Amino acid sequence: MKDQLVIYNTLTRKKELFKPLVEGKVGLYVCGPTVYSNSHLGHARPNITFDLLYRYLTFIGYKVRYVRNITDVGHLENEADESGEDKISKKARVEQLEPMEVVQKYMNTFHQNMRELNVLPPNIEPRASGHIIEQQQLIHSILKNGFAYEVNGSVYFDVEKYNEKYRYGKLSGRNLDDIKTNTRQLEGQDEKKNPFDFALWKKATPEHIMRWPSNWSDGYPGWHLECSSMSTKYLGNVFDIHGGGMDLTFPHHECEIAQSTASQGKEAVRYWMHNNMITINGQKMARSLGNFITLDELFSGNHEMLEKSYSPMTIRFFILQAHYRSTIDFSNEALQASEKGLERLFTALETLEKLPVSEQSTVDVAGLKEKCFAALNDDLNSAVAIAHLFDGARMINSVKAGQQKISDSDLKELKSFFHTVVFEILGLKPETAGAQNGSNEIVNKIIDLVLNLRLEAKARKDWATSDKIRNELNALGVEIKDTKEGFEWSLK
RNA sequence: GGUUCCUUGGCCGAGUGGCUAGGCGGCGGUCUGCAAAACCGUGUACGGCGGUUCGAAUCCGCCAGGAACCUCCA
């Protein structure tokens, strides 16, 4: 199965068979968050997408080193303040905090949200602020190779010079002539030879708090640099996969390619993968557009656009139900559909544990399994894989209902398949309220007691009493299903 | 304006040159004292107009609408 994974490479705009540089090992780098405010739904997408990739690569037998950075140096902000100060130091002033305190605060909530979404931690989570020296080294080598120039303590990348030897714009499908005619002339950029040149090192203005000493000035690194230096530091000069949101393709990833190539004469990344955006009313959800809903708001339901709260697994499932390269449109209706669907899947998973076995199967477990893995191998098509899981759910329910039969060996295979795909690969987990997991034994016993009384009432055909018990337990959040044997219940 | 891309049934979303996902919702049925759950059945969906083809929603062209990027952004 290892040799069958096909992934879409933005660089070639084609699906390609994935072959790692080193047999059996994969180097994976993903652009992580800039930690200056709470994570929103949009941030969940790349993290879940590449969590799926990480899990799947691991599942098919690769040893993966997954590196996901934390951007804590801050990017230049281009808003009305015109000060050019960096996002993190600006926020710090507003809140009267140390920049690193802001970073720590939002890094903590990011980690908390990721845990809630069952996103596995990466193997290395480097911070830009901890790699200033490496970034400066990278600038030195780009300067030495003649692809950068220094002006007044700042260093800029010479795009035109680079483009004479290599091709700037290959990832995003642009060419320099187009860029020349379409780059806006921004204020305060007169140091650059050309407006499309980008900063490698910026001299800090006096009010800029985040600063480090360097040969050129007290300043801070340009905003594309950290990924170039940290990815190659931990994964090697050439590594397998670099991921991130589609909105980073240009200029961020384009500049990364230019920096790596300018410093080492060859490209660092073999496969570029980009996830699409989450939209809301057809428009990208983004911090800067102000149309975002934070993950905490989703989990608590505390936002005017939300009809109710949505659990982390609902969010995760919602995202996985679409292919990562398609946009996915947020709405209460869509989220509730996912919530119901996920419930159906987990109910089937429970049913799976108590299926009767027969001599022969009338169901095709092997075929189901094959189709599901074929979907995952096809550029990580979780949407199709999940569709096959629903076919599996129907299979399970039909066996339970006695309409289909399953053999002992097929049942074992089906169980293992479901557990592997649902828990290990898709990273879903049950979210039952505590009471049924033994955390509140006495409550379980009381509910059982009451329901047994109801059973007695039913035996007497005392429907008034039995319905009263059911309705009132329902109101308390206990869902009751009558079965042939008696009853089943669960907490909502 | 430039570059890239999208438009699928009530909603969300796969996919493919002919065999035509899936979820949610709706409708009908089975089961049930009634519910719930489950199961079964049910939709003449592929933005518009042309073209290529035996055959296109899938390929090509034009038009309409929308998006992303070009400026921080997941």
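Residues numbered from 1 in each chain as written. Chains lettered and ligands numbered in written order. Predicted model: local features only at pLDDT ≥ 70, side-chain atom pairs only at ≥ 80, totals over all residues. Heavy atoms only, no water.

Some remarks on the overall build of chain A
(1) Moving on: Within chain A, the regular secondary structure consists of 16 helices and 15 strands.
(2) Moving on: Projected onto its principal axes, the C-alpha positions of chain A cover 90 × 50 × 35 Å.
(3) Moving on: Buried positions account for 51% of the 492 residues belonging to chain A.
(4) Moving on: When contacts within chain A are restricted to residue pairs at least 6 apart in sequence, long-range pairs at least 24 apart make up 73% of them.
(5) Moving on: Carbon and sulfur atoms form 49% of the exposed surface of chain A, whose accessible area is close to 22800 Å².
(6) Moving on: Averaged over its 60 positive side-chain charges, chain A has a centre that lies 4 Å from the centre of its 66 negative ones. (Helix = DSSP H or I, 4+ residues; strand = E, 2+ residues; numbered from the N terminus. Buried < 20%, exposed > 50% of the residue type's maximum accessible area, 1.4 Å probe, protein only. Contact = heavy atoms within 4.5 Å. Areas by Shrake-Rupley, 256 points an atom, 1.4 Å probe, with all protein chains shown as cover. Lys, Arg positive; Asp, Glu negative; His and termini not counted. Charge placed at Lys NZ, Arg CZ, Asp CG, Glu CD.)

Structural notes on the pattern of salt bridges
(1) Moving on: Counted by the stated rule, this structure contains 21 salt bridges.
(2) Moving on: Salt-bridge contacts for Glu125 lead to Arg68; the nearest nitrogen and oxygen are separated by 3.2 Å. One end of the pair, Glu125, is in the loop between helix H3 (99-116) and helix H4 (132-144); the other, Arg68, is in strand E4 (residues 63-68), with 57 residues separating them in the sequence.
(3) Moving on: Here Glu125 falls in the partly exposed class, since its relative accessible area comes to 27%.
(4) Moving on: Here Lys369 makes a salt bridge to Glu413, at a shortest N to O gap of 3.4 Å. Of this pair, Lys369 sits in helix H12 (residues 365-377) while Glu413 sits in helix H14 (residues 408-425); the two residues are 44 residues apart in sequence, bridging distant segments of the chain.
(5) Moving on: Take Lys369: its relative accessible area is 26%, and that puts it in the partly exposed class.
(6) Moving on: For Glu413, a relative accessible area of 26% puts it in the partly exposed group.
(7) Moving on: Where salt bridges share partners, they join Asp51, Arg55 and Arg316 into one cluster. (Salt bridge = Lys/Arg side-chain N within 4 Å of Asp/Glu carboxyl O.)

Re the sheet that holds strand E12 (residues 283-284)
(1) Moving on: Pairing in this open sheet of three strands is mixed, and the strands run E12-E11-E13 from one edge to the other. A strand with exactly one partner marks an edge of an open sheet, and here the two such strands are E12 and strand E13 (328-330).
(2) Moving on: In terms of strand pairing, strand E11 (residues 278-280) meets E12 through two bridges, oriented antiparallel. Note on E12: the bridge partner recorded for Thr279 is Lys284. (Pairing = 2+ DSSP bridges.)

A closer look at the nonpolar core
Note that soluble globular proteins tend to have their nonpolar side chains buried in a common cluster.
(1) Moving on: By size, the foremost hydrophobic cluster in this structure holds 130 residues, and its most contacted members are Phe157, Ile241, Leu298, Leu414 and Phe418.
(2) Moving on: Ranked by residue count, the leading element in this core is helix H1 (residues 41-59), at nine residues.
(3) Moving on: Ranked by size, the runner-up nonpolar core spans seven residues in total, among them Ile469, Val478, Ile480 and Trp489. (Core = buried A, V, L, I, M, F, W, Y, C linked by side-chain atoms within 4.5 Å.)

What to know about the sheet that holds strand E6 (residues 154-157)
(1) Moving on: The strand order E5-E6-E7-E8 describes an open sheet built from four strands, whose pairing is antiparallel. A strand with exactly one partner marks an edge of an open sheet, and here the two such strands are strand E5 (148-151) and strand E8 (219-221). Averaged over all pairs of adjacent strands, the angle between their axes in this sheet comes to 20 degrees, without regard to strand direction.
(2) Moving on: The pairing of E6 with strand E7 (residues 198-203) spans three bridges and is classified as antiparallel. Across the sheet, residue Val155 finds its bridge partner in E7, namely Trp201. (Axes fitted to C-alpha atoms, helices over the stretch in contact; angles between N-to-C directions.)

Focus on the environment of Leu176
(1) Moving on: Tracing the sequence through the fold places Leu176 in helix H6 (residues 176-182).
(2) Moving on: A relative accessible area of 5% means that Leu176 is categorised as buried.
(3) Moving on: Along the primary structure Leu176 and Glu297 are separated by 121 residues, whereas in three dimensions their C-alpha atoms are 43 Å apart.

Some words on the domain arrangement of chain A
(1) Moving on: With domains assigned, chain A is organised as domain 1 (2-275), domain 2 (279-425) and domain 3 (434-491).
(2) Moving on: For domain 1 and domain 3, the distance between their C-alpha centroids amounts to 55 Å. (Domains from an automatic or database assignment.)

A few points about the packing of H4 against helix H7 (residues 225-235)
(1) Moving on: Interhelical geometry of H4 versus H7 gives an angle of 100 degrees and a closest axis separation of 9 Å. Taken together, the axis directions place H4 and H7 in an arrangement best described as roughly perpendicular. On H7, the residues touching Glu134, Gln135, Leu138 and Ile139 of H4 are Leu225, Glu226, Ser228, Ser229 and Lys233.
(2) Moving on: Looking at the contact of H4 with H7 residue by residue, the classes come out as three nonpolar, three polar and three charged. (Parallel < 35°, antiparallel > 145°, perpendicular 65-115°, else oblique. Nonpolar A, V, L, I, M, F, W, Y, C, P; charged D, E, K, R; others polar.)

Things to note about helix H15 (residues 441-459)
(1) Moving on: Spanning 19 residues, H15 covers 27 Å between terminal C-alpha atoms, matching the ideal 27 Å at 1.5 Å per step.
(2) Moving on: If you check which residues of H15 are buried, you get Asn444, Ile447, Leu451, Arg454 and Ala457. One side of H15 holds all its buried residues, which, seen down the axis, span an arc of 140 degrees. Facing away from the buried surface of H15 by more than 90 degrees, the exposed residues are Ile442, Lys445, Leu449 and Ala459.
(3) Moving on: One or two steps after H15, the chain reaches Lys461, where phi turns positive at roughly 60 degrees. (Expected span 1.5 Å × (residues − 1). Arc of directions from axis to C-beta.)

With respect to the state of the cysteines
(1) Moving on: According to the stated counting rule, one finds zero disulfides in the structure shown.
(2) Moving on: Of all cysteine sulfurs in the structure, the one in Cys31 sits closest to Cys227, which takes part in no disulfide; the separation is 3.8 Å.
(3) Moving on: No disulfide involves Cys255; its sulfur sits 11 Å from that of Cys227, the nearest cysteine. (Disulfide = S-S within 2.5 Å.)

Regarding the side chain of His323
(1) Moving on: Looking at the element boundaries, His323 is found in the loop between helix H10 (312-320) and E13.
(2) Moving on: On the basis of relative accessibility, which here comes to 13%, the residue His323 falls in the buried class.
(3) Moving on: If we ignore the near neighbours within four places in the chain, the residues touching His323 are Arg45, Asp379, Leu380, Asn381 and Ala383.

Observations concerning the pairing of strand E10 (residues 269-275)
(1) Moving on: Taken across its seven residues, E10 has six buried, putting it largely inside the fold.
(2) Moving on: Pairing between strand E9 (residues 239-245) and E10: six bridges, direction parallel. Residue pairing in the sheet places Ile241 in a bridge with Tyr271 of E10.
(3) Moving on: Read from E9 through helix H8 (residues 249-264) to E10, the crossover connection turns out right-handed. (Right-handed = clockwise from strand over helix to strand, strands pointing away.)

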